[in-house]
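Read off the chains here:
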Amino acid sequence: LTSASVYGGLIANTDIVYIKTGLTPASWFSSNYTKLSTSDQTGYDMYIKGELITDFQFTDNGTTASLVKYTGSASSVTIPSTISKRVVGSTTYYIVGSDLTVTSIASASSAANGAFYNKTGLQAVILPSNLTQIGAFAFYGCNNLTSVTLPANVNTIGEGAFAECTKLASIN
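Residues numbered from 1 in each chain as written. Predicted model: local features only at pLDDT ≥ 70, side-chain atom pairs only at ≥ 80, totals over all residues. Heavy atoms only, no water.

On to the overall build of the chain, then. Counting its regular elements, the chain contains 0 helices and 18 strands. Burial status across the chain gives 39% buried among its 172 residues. Carbon and sulfur atoms form 48% of the exposed surface of the chain, whose accessible area is close to 8900 Å². (Helix = DSSP H or I, 4+ residues; strand = E, 2+ residues; numbered from the N terminus. Buried < 20%, exposed > 50% of the residue type's maximum accessible area, 1.4 Å probe, protein only. Areas by Shrake-Rupley, 256 points an atom, 1.4 Å probe, with all protein chains shown as cover.)

Here it is, written out as structure tokens:
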């Protein structure tokens, strides 16, 4: 792994750093943090201010948030029930936090824009209890997804939300 630069001292509180997956940040006063180019992040988790940035992209209105895209590759995914937003320059990142309640998985205008579109490795997903909406095409093409348990609060499931989920045997 080649890094853009290694910092041997204080890392600014707004710096985004990458830490080898499986390790956790002990302190911002360490020489073990690496700032990587965006093309060299495989096997590393992204942190800002010591907080792990999620594999989810959201939109929010200041109170609630809607999941727009999952960028990870895990076989089992838990969607957080609450998140917090961090802004660095002009880029917004989301961490598991308590500032915004996740209430929906956004609708997409086409299958290719679904939040979990074609995540063929996805086998299980845990939805937050406060979720009320699952948008159109949300899980389209997740052909290894086997079961989903809907929270009691879900009152809307969009068109094609689970289309092409060929191994999906039950939605409870």
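There is more to say, and it comes next.
Our focus in this paragraph is the packing of aromatic side chains. Per the stated rule, a full pass over the model turns up 8 aromatic pairs. Taking 5.2 Å as the distance between ring centres and 65 degrees as the angle between the ring planes, the aromatic pair formed by Phe-58 and Tyr-94 counts as edge-to-face. Here Phe-58, found in strand S8 (residues 56-60), pairs with Tyr-94, found in strand S12 (residues 91-96); they are 36 residues apart in sequence, far enough to count as distant. As far as the burial class goes, Phe-58 and Tyr-94 line up, both buried. Note on Tyr-70 and Phe-116: the rings are 5.3 Å apart at their centroids and 25 degrees apart in plane angle, and the pair reads as stacked. (Phe/Tyr/Trp six-rings, centres within 6.5 Å; stacked < 30°, edge-to-face > 60°.)

Here we take up the pairing of strand S9 (residues 64-70). Here S8 pairs with S9 via 5 bridges, running antiparallel. Note on S9: the bridge partner recorded for Thr-59 is Ser-66. Two successive antiparallel strands, S8 and S9, enclose a turn made up of 3 residues, where Gly-62 displays a positive phi of approximately 95 degrees. In the sheet, S9 pairs with strand S13 (residues 100-105) via 4 bridges, with the strands oriented parallel. Paired with Thr-64 across the strands is Thr-101, a residue of S13. (Pairing = 2+ DSSP bridges.)

Below, the discussion takes up the sheet that holds strand S16 (residues 147-148). Where strands meet in a sheet, backbone hydrogen bonds hold them as pairs that are either parallel or antiparallel. Taken together, the 4 strands give an open sheet; going across it, the order is S10-S14-S16-S18, and neighbouring strands pair in parallel fashion. Only two strands of the sheet have a single neighbouring strand rather than two, namely strand S10 (76-78) and strand S18 (170-171). Pairing between S10 and strand S14 (residues 124-126): 3 bridges, direction parallel. The residue bridging Thr-78 from the neighbouring strand is Ile-126, located in S14.

This part is about the nonpolar core. Ile-105, Phe-116, Ile-134, Phe-139 and Leu-145 are the most contacted members of the largest nonpolar core, which totals 29 residues. Every element with two or more residues in this core is listed here: S8, S9 and S13. Aside from chain neighbours lying at most four places away, what touches Leu-145 is Leu-122, Gln-123, Ala-124, Val-125, Phe-139, Phe-162, Cys-165, Lys-167 and Leu-168. (Core = buried A, V, L, I, M, F, W, Y, C linked by side-chain atoms within 4.5 Å. Contact = heavy atoms within 4.5 Å.)

When pLDDT is averaged along the chain, the result is 79, and 70% of the positions lie at 70 or above. The element-level mean pLDDT for the chain is lowest in strand S1 (residues 5-6), coming to 34, with strand S15 (residues 133-134) highest at 97. Predicted confidence for residues 1-14 stays below pLDDT 50, and this span has 34 contacts to residues more than four positions away or in other chains. (pLDDT = per-residue confidence, 0-100.)

Counting through the fold element by element, Ala-115 comes out in the loop between S13 and S14. A residue is classified by how much of its surface remains accessible, and Ala-115, at 1% relative accessible area, is buried. Each C-alpha atom, one on Ala-115 and one on Ala-136, is 9.3 Å from the other, the two residues being 21 residues apart in sequence. Ala-115 has contacts with Leu-67, Val-68, Lys-69, Tyr-70, Ile-105, Phe-137 and Ala-138, leaving out every residue within four places of it along the chain.

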